[in-house]
Amino acid sequence: MTRYKLTLEYNGTTLIGWQENIQGPSVQSLVRDAVFKFCQQDVEVIAAGRTDAGVHALGMVCHFDIVGDSDAETVMRALNFYLIDSPVAVLDCEIVSDDFHARFSCTCRNYRYIILNRRAPVIMDKNMVWWIPRPLNVEKMQAAAAKLVGNHDWTSFRASECQAKSPIKTLDKADIEICDMAYGEKGEMQGQYIIMNFSARSFLHHQVRNMVGTLVEIGLGKPFDIDEVFAAKNRSAAGPTAPSSGLYFVSAEYANND
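These numbers come from a predicted model, not from an experiment. (Residues numbered from 1 in each chain as written. Predicted model: local features only at pLDDT ≥ 70, side-chain atom pairs only at ≥ 80, totals over all residues. Heavy atoms only, no water.)

A. Here's a closer look at the overall build of the protein chain. In terms of regular secondary structure, the protein chain is built from five helices and 10 strands. On C-alpha atoms alone, the protein chain measures out to a radius of gyration of 20 Å, which is about the 18 Å that the 2.2 N^0.38 rule sets for 258 residues. In terms of principal-axis extent, the alpha carbons of the protein chain reach across some 60 × 50 × 35 Å. Within the protein chain, contacts between residues at least 6 apart in sequence are counted, and of these 70% link residues at least 24 apart. Summed over its atoms, the accessible surface of the protein chain is roughly 12900 Å², and 50% of this surface lies on carbon and sulfur atoms. Between the mean site of the 25 positive side-chain charges and the mean site of the 31 negative ones, the protein chain shows a separation of 7 Å. (Helix = DSSP H or I, 4+ residues; strand = E, 2+ residues; numbered from the N terminus. Rg over C-alpha atoms; globule rule 2.2 N^0.38 Å. Contact = heavy atoms within 4.5 Å. Areas by Shrake-Rupley, 256 points an atom, 1.4 Å probe, with all protein chains shown as cover. Lys, Arg positive; Asp, Glu negative; His and termini not counted. Charge placed at Lys NZ, Arg CZ, Asp CG, Glu CD.)

See the structure below:
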């Protein structure tokens, strides 16, 4: 038995998320089907995280076991061949030890959320960003984001259907960057991308999207105080859930560079 570690990129627009479900195509089912076509073995594909419908990935890590000793390059080429017409691609493939586990061995998960802040509607980035036509006060958003970092009770930021045993989590990073857009002969500003980066060992269901929704409300001038939101321990105290379209699973980190 050989264990393979994959790094995947996918566009989640037409997918129901990572988890396999009869409601539609998932990342898990597409990868599993590709493995079966390659080696006629039905495998369990386990990921570092379970993204929701519409969420994208730049570097999702997963693993599976197959009987045989195919080299990693052969497996990668075969899976990409069978995934060619899907919104999923294998960026990297490695043979790893049997004790490597994409989920339980993960020491840090990195997410990114992208907002397009401009008056004109989204064209080129449709389904890949959250379009907000009203101006956002990014400085206020950055100040609020800094208060999110640390160990907190995240009850106000977790989905009602979240199955985690505890709402206590530690957020290691919450950074917000601006990338201005300039077009036209005079280089006039047409808007900006607001890029939010979050890192933690683990996240609650919808935690990132609920953090982003709250930060956007603050950027729009709504009277949200992060300390008060934490203290309330009530989902209704925070902002709305941001759309899935702007969320990306960026990478998973492992000890010993597994």
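Text resumes after the structure shown.
B. Representation of the nonpolar core. With 72 residues, the main nonpolar core has Leu-8, Phe-64, Ile-115, Met-196, Phe-198 and Val-212 as its most contacted residues. Ignoring any residue separated from it by four or fewer positions in sequence, one finds Met-196 in contact with Tyr-111, Arg-112, Tyr-113, Ile-115, Met-141, Asp-175, Ile-176, Val-212 and Leu-215. The next biggest cluster of nonpolar side chains, apart from the first, holds six residues, and it includes Ile-114, Val-122, Val-129 and Met-181. (Core = buried A, V, L, I, M, F, W, Y, C linked by side-chain atoms within 4.5 Å. Buried < 20%, exposed > 50% of the residue type's maximum accessible area, 1.4 Å probe, protein only.)

C. How the structure looks around the side chain of Arg-158. Take Arg-158: it is sitting in the loop between strand S7 (150-153) and strand S8 (168-183). Buried within the structure, Arg-158 lacks any salt-bridge partner; Asp-153 is the closest side chain of opposite charge, at an N-O distance of 6.4 Å. Polar contacts involving the side chain of Arg-158 include one to the main-chain carbonyl oxygen of Ala-164, which spans 2.9 Å. Residues within four places of Arg-158 in sequence aside, it is in contact with Ala-164, Ser-166, Pro-167, Leu-204, His-205, Asn-210 and Arg-235. (Salt bridge = Lys/Arg side-chain N within 4 Å of Asp/Glu carboxyl O. Polar contact = N/O pair within 3.5 Å; in protein donor to acceptor, adjacent residues only side chain to side chain.)

D. Structural detail: the layout of surface pockets. As a volume, the largest pocket reaches approximately 1200 Å³. Lining of the largest pocket is provided by 40 residues; of these, Gly-49, Arg-50, Arg-103, Phe-203 and His-205 occupy positions nearest its centre. Only strand S2 (46-47), strand S5 (106-117) and helix H4 (207-219) provide two or more residues apiece to the lining of the largest pocket. Counted by class, the lining of the largest pocket contains 17 nonpolar, 13 polar and 10 charged residues. (1 Å grid on protein atoms, 1.4 Å probe; cavity = no way out; pocket = protein on both sides within 12 Å on 5 of 7 lines; lining within 4 Å. Points joined across faces, edges and corners; volume = space filled by probe spheres on them. Nonpolar A, V, L, I, M, F, W, Y, C, P; charged D, E, K, R; others polar.)

E. Structural detail: unusual backbone geometry. Despite not being glycine, Asn-127 has its phi angle at roughly 70°, a positive value. Inspection of the secondary structure puts Asn-127 in the loop between S5 and strand S6 (130-132). What makes Asn-127 partly exposed here is its relative accessible area of 38%. The backbone of His-206 shows a phi angle near 70°, a positive value even though the residue is not glycine. As for its placement among the helices and strands, His-206 is situated in the loop between strand S9 (188-200) and H4.

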